[in-house]
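Here are the chains, one letter per residue:
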Amino acid sequence: MNQEISDPAPRLAAAPVRNLSLQLSSTPRGARLARLLATEQLRTWGLPTHPAELVVAELSANAVTHGRVPGRDFRLLLYVVGGILRIEVTDTRGDRMPCPQHSATDAESGRGLLLVEAFADRWGVVPGPPPLKTVWAEVETGPTGSRPVAPPR
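Note the cis peptide between H50 and P51, where omega equals 5°. Within the secondary structure layout, P51 lies in the loop between α1 (28–45) and α2 (52–66). For the peptide bond that leads from G128 to P129, omega is 0°, which places it in the cis range. Tracing the chain through its elements places P129 in the loop between β4 (122–127) and β5 (133–140).

Have a look at this one:
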């Protein structure tokens with residue numbers, strides 16, 4: 001009796017998990033470094049830098065502006081699984097939870113989370129452990145995450 005034995009399911013190569021974790025000073029310089037280093041890492045991974053660099057810039061700026069405790073750093077974590085880039089910024093002001101606000105039209109600040117909301121596919125906040133909080137955002141980087149470019153006006 002002849003029997004053909006075949007593998008019931010082809011094995012798919014696992015997509016690589018890429019990550020970057022940085023601890024940065026809770027200063028404007030630390031926020032700038034977060035954006036620059038994240039942008040460079042995305043280029044190294046061969047991923048588009050837009051809109052992720054804007055999301056990193058806004059979340060880092062919020063961490064050093066609203067989440068700053070003197071002498072304590074903030075953490076930036078980037079990781080990619082499949083076609084999703086997750087950006088996490090952790091600061092030491094878990095008692096201050098962020099919420100998007102509409103600013104006056106002539107205000108020079110106050111629109112950061114509205115920008116994150118506009119550029120990220122999803123975002124949220126995870127409290128703790130005390131005194132920490134993590135604000136995260138996800139951006140699709142694969143073909144389904146390609147965002148159409150607005151036509152010129």
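Across the chain, the average pLDDT comes to 85, with 78% of residues at 70 or higher. At the level of individual helices and strands, the chain shows its lowest average pLDDT in helix α3 (residues 112–119), which scores 92, and its highest in strand β3 (residues 84–91), which scores 98. Every residue in residues 1–8 is under pLDDT 50, and counting partners more than four places away or in other chains gives zero contacts. Contacts of residues 144–153 to residues separated by more than four positions or lying in other chains number six contacts, the stretch itself having pLDDT below 50.

Bringing the side chain of K133 into the picture now. Residue position: K133 is located in strand β5. Polar side-chain contacts of K133 include one of 2.9 Å to the side chain of D91. At a separation of 2.8 Å, a polar atom in the side chain of K133 contacts the main-chain carbonyl oxygen of R93.

Proteins that are soluble and globular tend to have nonpolar side chains buried together. Core analysis: the largest hydrophobic core is formed by 28 residues, its most contacted members being L59, L76, L78 and I87. Among the elements of the structure, β1 (18–24), α1, α2, β2 (74–81), β3, α3 and β5 are those that each provide at least two residues to this core. Top element by residues in this core is α2. It accounts for six residues.

Turning next to α1. Its 18 residues give α1 an end-to-end C-alpha distance of 26 Å, which sits within 8% of 26 Å, the value for a rise of 1.5 Å per residue. If you check which residues of α1 are buried, you get G30, A31, A34, A38, T39, Q41, L42 and W45. The inward-facing, buried residues of α1 abut β1, α2, β2 and β3. Of the residues flanking the end of α1, it is G46, one or two places downstream, whose phi is positive at about 75°.

Moving on, we get to α3. Considered for burial, the residues of α3 that qualify are G112, L113 and V116. Here the buried residues of α3 occupy an arc of 95° about the axis, which is enough to place them on one side.

Next up on the list: the side chain of T134. Along the chain, T134 turns up in strand β5. Judged by relative accessible area, which is 11%, T134 ranks as buried. At 2.7 Å, the side chain of T134 forms a polar contact with the side chain of T90. Every residue in contact with T134, bar those within four places of it in the chain, is listed here: E88, V89, T90, G124, V125 and V126.

Definitions and limits used
- Residues numbered from 1 in each chain as written.
- Predicted model: local features only at pLDDT ≥ 70, side-chain atom pairs only at ≥ 80, totals over all residues.
- Heavy atoms only, no water.
- Helix = DSSP H or I, 4+ residues; strand = E, 2+ residues; numbered from the N terminus.
- pLDDT = per-residue confidence, 0-100.
- Contact = heavy atoms within 4.5 Å.
- Polar contact = N/O pair within 3.5 Å; in protein donor to acceptor, adjacent residues only side chain to side chain.
- Core = buried A, V, L, I, M, F, W, Y, C linked by side-chain atoms within 4.5 Å.
- Buried < 20%, exposed > 50% of the residue type's maximum accessible area, 1.4 Å probe, protein only.
- Expected span 1.5 Å × (residues − 1).
- Arc of directions from axis to C-beta.

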